[in-house]
Amino acid sequence: MDPNYSAQDVARCDLCKTAIAQSYCDFCYVNLCKPCIGDHISDEYDKHKIVPIHQRKSTLIYPKCQTHKNEDCKYQCKECNISICFDCLASKHHNKEHEFVKLEEVYNTKKEQIQSDTEELENQIWPAYEEIANELEMQIASLDEEYKKLTTEMSKQREEIHREVDNAMEQMEKEIGEIKLKHHSILQNHLDEIKQLQSLMQQTLLVLNEIEESNEVSKTIHFSSKNEEFSKLPPKVVASMPKFIPKQIEREELCSLIGKLTPLSTTLEERVFSPKKPNTSVRELLDEPEVLNTIKTGHKNLRSVTCLNEEQIWTSGETVDIKCFNIQGVLQKTIQTKSGKFPNDIAVESDGALLYSAGTSRTVYKVKNDQTEDIITLQGWKPFNLCVTSSGDLLVTMCSDDETQSKVVRYSGSTVKLTIQFDDEGQPLYSGKYTIKYISENRNLDICVADCEASAIVVVNQAGKLRFRYTGHPSPTTNKPFRPYGITSDSQSRILTSDWNNHCIHILDIDGQFLRYIDNCDLKEPLGLCVDSNDSLIVCENKQGNVKKIRYSE
């Protein structure tokens, strides 16, 4: 059975080993079923404490007094910082002028601090380090692309110079390789330091969790917080790319006039840890999602929908028209594609500019103020689906002309920042066949792709490292193969994907665990998805040409 969906084992009686335990001896630390309680307390020992099992380990284990061997120390001297028993107080063995405090109060105060430390480490400090690690991984992943640009610039200069300069150019290329290795080493070393600190934090979390579960006073009150040490973030390594500076060609001084490379420059920028305010706006899933509105778009084979807010909805299908509707379903605007073919996908930038991709021309277009421009044109690849990220970058899924490879490319403007194609073992992340691969960025910056040919949702982090695959969830109502098409995410970092075969929507949590279906809204062949600023789901019905707005959380 899948451990993610299996029920938690119930507690069994420690005496008979078979019956379910309803009680617990909080002195002997054993689980007990009702019939075995009598056997357990039948001896002459008078300190048994039987409690309901959900209240187990509620009795504190006090340290024994060094002076009065049979007494528990329930007090602490604030001046001497030692534990003492009541007999010590009564017999005046301890300085009576000292101030005493109950150990239970110290214990409870320390428990609260431990809980606070755990929450801060898990929810604040650890994510800060995770963000640093992801940033470094992205820098390392993009090094090849950046250095490729550098060598390309040098190649242009080399083409203008006679063959006599080849040896000098090769020397410079070797220098680039050495600088690249140094650059990589600097970033990798910094990443290793970060991960080592993360490992220490994980160990600390294990200790914290162990203490939280423990009722041992000594271990608890002697715990020393390391959060202040961890919250001092390491300095940020900033490495500026070397530059190639060409010179005018003069045969007499070829070697000196080819140009030069600026050295790799690195500095350390101080990072300051600033705790993030928790997201207190929690939207729970509804038991019965409801359709708020249905818009008849008139598109043939409606494919894509996107929105920037609650006011405007852009739609596209297998027609040359891209249509914009208001929330009431009134057509506001129509844009015809420049290529004269239907768009593969559409997206909207934060300033309202419309983006669309065209496979026939291998181009991504941008429409702003009724002016259309080409922003990305590919060679040997065809663009499919689009996603504008929270940082303003553009994610594009694309397939090779021979339909053997697929990849995701992150662009800043028309500049490639990152290519995502293979996992750590060199295996393709996505199916190669020429099929739709809708894409979305989650709130934690994960990149989520619905690979319908592979019948899987493939999720990588912002550096392109595989996090998980989701291949569907068994249900009597979803008896056909899982075929994910549209994909989106909401304010709670939940992932939503349309299951075209089974006419429903799957909702996953941030780690790819199935939460529930939306299967009660009479959906017909759902395809493209998006979520508006109020977390309402907007779904394309492919053949019907309708857009449905669905409320699924509150």
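Predicted model only: the values in this text are computed from it and were never measured.

### Some details on the overall build of the protein chain
Consideration 1: When helices and strands are counted, the protein chain shows 7 helices and 34 strands.
Consideration 2: For 554 residues, the compact-globule estimate of 2.2 N^0.38 gives 24 Å, and the C-alpha radius of gyration of the protein chain, at 32 Å, exceeds that figure by more than 25%.
Consideration 3: If one aligns the C-alpha atoms of the protein chain with their principal axes, the spans along those axes are about 100 × 75 × 40 Å.
Consideration 4: The burial tally for the protein chain puts 46% of its 554 residues in the buried class.
Consideration 5: Across the protein chain, the fraction of contacts at a sequence separation of at least 24, relative to all contacts at a separation of at least 6, is 51%.
Consideration 6: Surface exposure of the protein chain reaches about 29500 Å², of which carbon and sulfur atoms provide 46%.
Consideration 7: If the 66 positive side-chain charges of the protein chain are averaged to one point and the 86 negative ones to another, these points end up 2 Å apart.

### So, the pattern of salt bridges
Consideration 1: In total, this model carries 26 salt bridges according to the counting rule given.
Consideration 2: As a salt-bridge pair, Asp424 and Lys465 come within 3.4 Å of each other at their nearest N and O atoms. Residue Asp424 is found in the loop between strand S23 (415-420) and strand S24 (437-441), and its partner Lys465 is found in the loop between strand S26 (456-460) and strand S27 (466-470); the two are separated by 41 residues along the sequence.
Consideration 3: In this structure Asp424 comes out as exposed when scored by relative accessible area, which is 61%.
Consideration 4: The residue Lys524 makes a salt bridge to Asp522 at a minimum N-O spacing of 3.4 Å.
Consideration 5: When its relative accessible area of 52% is taken as the criterion, Asp522 is described as exposed.
Consideration 6: Within this structure, Glu290, Arg551 and Glu554 form a network of salt bridges that share partners.

### Concerning the sheet that holds strand S30 (residues 504-508)
Consideration 1: As summarised here, the arrangement of the 4 strands in space is S28-S29-S30-S31, forming an open sheet in which the pairing is antiparallel. Lying at the two open borders of the sheet, with one neighbouring strand each, are strand S28 (484-489) and strand S31 (514-518). This sheet shows a mean twist of 25 degrees between the axes of neighbouring strands, independent of strand direction.
Consideration 2: Two strands pair when backbone bridges link them, and S30 and S31 are joined in this way by 4 bridges, in the antiparallel orientation. Note that in S31 the partner of Ile507 across the bridge is Arg516.

### Side note on the nonpolar core
Consideration 1: Formed by 32 residues in total, the largest nonpolar core has its most connected members in Leu121, Tyr147 and Met154.
Consideration 2: Those elements giving two or more residues to this core turn out to be helix H3 (103-159), helix H4 (166-213) and strand S7 (236-240).
Consideration 3: By residue number, the principal contributor to this core is H3, which donates 13 residues.
Consideration 4: Those residues within four positions of Tyr147 in sequence are excluded, and the remaining contacts are Ile176, Ile179, Lys180, His183, Met241, Pro242 and Leu264.
Consideration 5: By size, the runner-up hydrophobic cluster in this structure holds 31 residues, among which are Ile313, Tyr438, Ala450 and Cys504.

### A closer look at the packing of aromatic side chains
Consideration 1: Scanning all chains against the criterion turns up 4 aromatic pairs.
Consideration 2: The residue whose ring lies beneath Lys407 is Trp381, and the NZ or CZ to ring-centre distance is 4.0 Å.

### Details of the side chain of Asn546
Consideration 1: Its location among the elements puts Asn546 in strand S34 (residues 546-553).
Consideration 2: You can call Asn546 buried: its relative accessible area is 11%.
Consideration 3: Once residues within four sequence positions are removed from consideration, Asn546 is found in contact with Thr294, Ile295, Lys296, Leu302, Val539, Cys540 and Glu541.

### Overview of the side chain of Ser304
Consideration 1: For Ser304, the position within the fold is in strand S12 (residues 304-306).
Consideration 2: For Ser304, the side chain forms a polar contact with the side chain of Asp345, separated by 2.7 Å.
Consideration 3: Once you skip the residues sitting within four places of it in the chain, Ser304 turns out to touch Trp314, Thr315, Ser316, Asn344, Asp345, Ile346, Tyr438 and Cys540.

What counts, and where the lines are drawn
Residues numbered from 1 in each chain as written. Predicted model: local features only at pLDDT ≥ 70, side-chain atom pairs only at ≥ 80, totals over all residues. Heavy atoms only, no water. Helix = DSSP H or I, 4+ residues; strand = E, 2+ residues; numbered from the N terminus. Rg over C-alpha atoms; globule rule 2.2 N^0.38 Å. Buried < 20%, exposed > 50% of the residue type's maximum accessible area, 1.4 Å probe, protein only. Contact = heavy atoms within 4.5 Å. Areas by Shrake-Rupley, 256 points an atom, 1.4 Å probe, with all protein chains shown as cover. Lys, Arg positive; Asp, Glu negative; His and termini not counted. Charge placed at Lys NZ, Arg CZ, Asp CG, Glu CD. Salt bridge = Lys/Arg side-chain N within 4 Å of Asp/Glu carboxyl O. Pairing = 2+ DSSP bridges. Axes fitted to C-alpha atoms, helices over the stretch in contact; angles between N-to-C directions. Core = buried A, V, L, I, M, F, W, Y, C linked by side-chain atoms within 4.5 Å. Phe/Tyr/Trp six-rings, centres within 6.5 Å; stacked < 30°, edge-to-face > 60°. Lys NZ or Arg CZ within 6 Å of the ring centre and 35° of its normal. Polar contact = N/O pair within 3.5 Å; in protein donor to acceptor, adjacent residues only side chain to side chain.

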